[in-house]
Amino acid sequence: MSLAAFLIGAAMVLIGLIAKSRYVSFWAQKPRDYVDGPTFNIRDTFQGPIECEGIIYGPLGRVTSRFVAQFDAQWDGNVCTMKEVFHYDSGNVQNRVWTLTLGNDGRIKAEAPDVIGAGSGQQTGSAVLLNYRIKLSDEAGGHILDTTDWMYLMQNGTVMNRSQFRKFGIKVAELVATMRPAHARSAVAGE
């Protein structure tokens, strides 16, 4: 095989991978894809106590961690303070406080102590998109990861969250979680 044929083949593979990530993958989603369905108004959906549970997948697609969490979201005008307490299966507990600022056009500014700068997002139709750079704790390696969160509102008010974490463009972890008002479980169970 000649060097030219090898380079042409490598270029075609690279173009194919770029096209796949742009048009048929997690990254290919756009807020306009979700204009139909229940309306995801973060001011209504993220209000008061929220229960969350989820799993984190490592770079090879295997579950590396499980967690349950309790959130409390309070709005003051267009600004939400969301306090989060995560309990991981390792026994670790993580506290985070998000400040979400909602623009009149549905744009979201997202800030937290472990987020580099400010994240940005958009609520459109039945989905919310957030993009931000997160700095992991020293115990988790201290890496800075590019994060994309997609949150989808279900008909019963539950939010399904899928997040991908990338370093140098390579997916290193993925998170899947559910979020719902804390009173929803007791209402469903008849408690």
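Criteria and cut-off values
- Residues numbered from 1 in each chain as written.
- Predicted model: local features only at pLDDT ≥ 70, side-chain atom pairs only at ≥ 80, totals over all residues.
- Heavy atoms only, no water.
- Helix = DSSP H or I, 4+ residues; strand = E, 2+ residues; numbered from the N terminus.
- Buried < 20%, exposed > 50% of the residue type's maximum accessible area, 1.4 Å probe, protein only.
- Contact = heavy atoms within 4.5 Å.
- Areas by Shrake-Rupley, 256 points an atom, 1.4 Å probe, with all protein chains shown as cover.
- Salt bridge = Lys/Arg side-chain N within 4 Å of Asp/Glu carboxyl O.
- Polar contact = N/O pair within 3.5 Å; in protein donor to acceptor, adjacent residues only side chain to side chain.
- Pairing = 2+ DSSP bridges.
- Axes fitted to C-alpha atoms, helices over the stretch in contact; angles between N-to-C directions.
- Phe/Tyr/Trp six-rings, centres within 6.5 Å; stacked < 30°, edge-to-face > 60°.

Draft legend 1. Here's a closer look at the overall build of the protein. If you tally the helices and strands in the protein, you get three helices and 10 strands. Walking the protein from its N terminus toward its C terminus, one meets helices and strands in the order α-α-β-β-β-β-β-β-β-β-β-β-α. Relative to its 191 residues, the protein shows a buried fraction of 36%. Restricting the contact set of the protein to residue pairs at least 6 apart, pairs at least 24 apart contribute 35%. Carbon and sulfur atoms provide 59% of the accessible area of the protein, an area that totals close to 11,300 Å².

Draft legend 2. Up close: the pattern of salt bridges. Going through the model one piece at a time under the given rule, you end up with 11 salt bridges. The residue Lys109 makes a salt bridge to Glu111 at a minimum N-O spacing of 4.0 Å. Given the relative accessible area of 40%, Lys109 is considered partly exposed. A single salt-bridge network, built from bridges that share partners, covers Glu51, Glu53 and Arg180.

Draft legend 3. Representation of the environment of Ala73. Mapped onto the secondary structure, Ala73 falls in strand 2 (residues 63-76). Judged by its relative accessible area of 0%, Ala73 falls in the buried class. Taking the C-alpha atoms as reference points, Ala73 and Phe46, separated by 27 residues in sequence, lie 5.8 Å from one another. Every residue in contact with Ala73, bar those within four places of it in the chain, is listed here: Phe46, Gln47, Gly48, Ile50, Cys80, Thr81 and Met82.

Draft legend 4. Representation of the side chain of Glu84 in the model. Tracing the chain through its elements places Glu84 in strand 3 (residues 79-88). Among the polar contacts made by the side chain of Glu84, one reaches the side chain of Trp98 at a distance of 3.3 Å. Setting aside anything within four residues of it in sequence, one finds Glu84 in contact with Gln70, Phe71, Gln94, Asn95, Arg96 and Trp98.

Draft legend 5. Main features of unusual backbone geometry. Despite not being glycine, Phe168 shows a phi value in the positive range, around 55°. Along the polypeptide, Phe168 turns up in the loop between strand 9 (159-167) and strand 10 (170-181). Residue classification places Phe168 among the exposed residues on the basis of a relative accessible area of 74%.

Draft legend 6. The pairing of strand 7 (residues 127-135), seen in detail. When strand 6 (residues 115-124) meets strand 7, the two strands line up antiparallel, connected through seven bridges. Across the sheet, Ser120 pairs through a bridge with Asn131, a residue of strand 7. What sits between strand 6 and strand 7 in their antiparallel hairpin is a turn of two residues, with Gly125 showing a positive phi close to 55°. Sheet analysis places strand 7 next to strand 8 (residues 144-153), joined by nine bridges and oriented antiparallel. Residue pairing across strands places Val128 opposite Met151, the latter belonging to strand 8.

Draft legend 7. Quick look at the sheet that holds strand 3. Taking strand neighbours around the barrel as the criterion, the 10 strands line up as 1-2-3-4-5-6-7-8-9-10 in a closed arrangement whose pairing is antiparallel. Across the sheet, the axes of successive neighbouring strands diverge by a mean angle of 25°, strand direction being ignored. Two elements, strand 8 and strand 9, share eight bridges in a ladder whose sense is antiparallel. Residue Met151 lies in a different strand from strand 9, and its bridge partner there is Asn161.

Draft legend 8. Summary view of the packing of aromatic side chains. Taken as a whole and judged by the stated rule, the model has seven aromatic pairs. Centroid distance Phe40 to Phe46: 5.8 Å. Interplanar angle 80°. Geometry classified as edge-to-face. For the pair formed by Phe40 and Phe46, the shared burial category is buried. Note on Phe67 and Phe86: the rings are 5.4 Å apart at their centroids and 70° apart in plane angle, and the pair reads as edge-to-face. Of this pair, Phe67 sits in strand 2 while Phe86 sits in strand 3, and the two are 19 residues apart along the sequence. For Phe67, a relative accessible area of 5% corresponds to the buried category. You can call Phe86 buried: its relative accessible area is 7%. Each residue in the set Phe67, Phe71, Phe86 and Tyr88 is aromatic and connected to the rest through ring pairs, giving one cluster.

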